[in-house]
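# Observations on chain architecture
Listed here are the chains, written in short residue letters.
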Amino acid sequence: MNPPEKKTEPLHAPEVVSYLDLMAAQLEGALHESEPPVTAISGVIGELAAQIPTLEQQIPGIAPRLRAAIVALQFYDRLSQRLTHVRDGVMLLAGALQNPGDGNAAWAGLHDRVRKQYSMEQERRIFELAAAGAAPEEFSKALATHSAESETDRVELF
Amino acid sequence: MTTVILAVDDSASMRKMVTATLMSGGYEVVQAADGVEALEFARTKGVDLVLTDVNMPRMDGITLVKELRLLPTYRYTPMLMLTTESSQEKKQEGKQAGATGWIVKPFNPEQLLSTVARVL
């Protein structure tokens, strides 16, 4: 007698949607909690930076350090955008699971909506990798090899 | 007379750092949290330069530039985009909307000030 086949239970969409909703809520919470302290720190650095000419006379060498702090603090702008996009993507996926619609067209629509929300070239690049079926390790490689534009590329006058 | 710059960004921390940098260069700064707020202000007062983010709720920066260019007081005002967007496609959109230039975040304070000085 053959052993009974092990049945694999499919993931139930409602439970998956619940988990996705939970993830979206956690991302929202993280964004909400992190904004006030970063804004407060930015305010203090900003107040100091606005006085750079005066401060440099009193604390020689402070000017480049304050400027470097301003550049560094801008990490939060990119981070919050990325987390927002991940949150929105998770919510779009939850919505798609709840209302599957017509398979291929629905998937193409979801793909489009997720892609459109991205605001950074780096995000689009790894999204296209994922859409092409690249392994997750490739995403990390793409992120690691992405380098910020050189100083001369950062500014373009038309 | 002090040069006035309208700084538009939906991120409060970015607005603080942009404002501080511009003030350290001797500029007066008016802040707006999105394109709608900036346009409401612009309909009542002119400024010497607009520095705006692209991705913002209610009204994005490229739409803001298009709307501002329709106002007689802003037809020739320098308008710089300050954004995480770096694609050529987006830059072209900005250029066609009437932007004067494009700065990719994170900005370097000295480079921001020298760029502002160049376009004023």
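Here's a quick rundown of the structure. What you are looking at is a predicted structure, and each value in this text was computed from that prediction instead of being measured.

With that settled, consider the packing of helix α1 (residues 12-24) of chain B against helix α5 (residues 109-119) of chain B. All names here are of chain B. Contact pair α1 / α5: the axes reach a minimum separation of 10 Å and the direction vectors enclose 65 degrees. By crossing handedness, the relation of α1 to α5 is classed as right-handed. Residues T21, L22 and S24 of α1 lie in contact with α5, whose contacting residues are P109, L112, L113 and V116. Residue composition of the contact of α1 with α5, grouped by class: 5 nonpolar, 2 polar and no charged.

We now examine the interface of chain B and chain A. Between chain B and chain A, the contact holds 36 residues from the first and 31 residues from the second. Among the residues chain B hides against chain A, the three largest losses belong to M17, T84 and P106 of chain B. Together they make up 20% of the total. At the boundary of chain B and chain A, one finds 4 salt bridges. Linking D77 of chain A and K105 of chain B is a salt bridge whose minimum nitrogen-to-oxygen distance equals 3.0 Å. Linking chain B with chain A are 10 residue pairs in polar contact (both at pLDDT 80 or more), by the criterion used here. Counting residues per element, the side of chain B that touches chain A draws most heavily on α1 of chain B, which supplies 9 residues. Looking at the side of chain B that touches chain A, its residues break down into 14 nonpolar, 15 polar and 7 charged.

The next point concerns the side chain of D34 of chain B. Residues and elements named next belong to chain B. Relative to the assigned elements, D34 resides in the loop between β2 (28-32) and α2 (35-42). Using a relative accessible area of 6% as the deciding quantity, one classes D34 as buried. A polar contact is formed between the side chain of D34 and the backbone nitrogen of E37, at a distance of 2.9 Å. Here the side chain of D34 touches R58 through a polar contact of 2.8 Å, side chain to side chain. In this structure, D34 is in contact with V8, M56, P57, R58 and M59, ignoring residues within four places of it in sequence.

The 6 strands lie next to each other as β1(A)-β5(B)-β4(B)-β3(B)-β1(B)-β2(B), forming an open sheet whose pairing is mixed. Single-partner strands in this sheet number two, and they are β1 (155-157) of chain A together with β2 of chain B. Taking each pair of neighbouring strands and ignoring which way they run, the sheet shows an average axis angle of 20 degrees. Packing of helix α3 (residues 61-69) of chain B onto the sheet brings it into contact with β1 (4-8), β3 (49-52), β4 (79-83) and β5 (101-104) of chain B, and relative to β4 of chain B it is tilted by some 170 degrees.

Conventions and cut-offs
- Residues numbered from 1 in each chain as written.
- Chains lettered and ligands numbered in written order.
- Predicted model: local features only at pLDDT ≥ 70, side-chain atom pairs only at ≥ 80, totals over all residues.
- Heavy atoms only, no water.
- Axes fitted to C-alpha atoms, helices over the stretch in contact; angles between N-to-C directions.
- Helix = DSSP H or I, 4+ residues; strand = E, 2+ residues; numbered from the N terminus.
- Left-handed = near helix turned anticlockwise from the far one by under 90°.
- Contact = heavy atoms within 4.5 Å.
- Nonpolar A, V, L, I, M, F, W, Y, C, P; charged D, E, K, R; others polar.
- Buried area = accessible area lost by both parts, 1.4 Å probe.
- Salt bridge = Lys/Arg side-chain N within 4 Å of Asp/Glu carboxyl O.
- Polar contact = N/O pair within 3.5 Å; in protein donor to acceptor, adjacent residues only side chain to side chain.
- Buried < 20%, exposed > 50% of the residue type's maximum accessible area, 1.4 Å probe, protein only.
- Pairing = 2+ DSSP bridges.

Keep in mind these numbers describe shape, not what the thing actually does.
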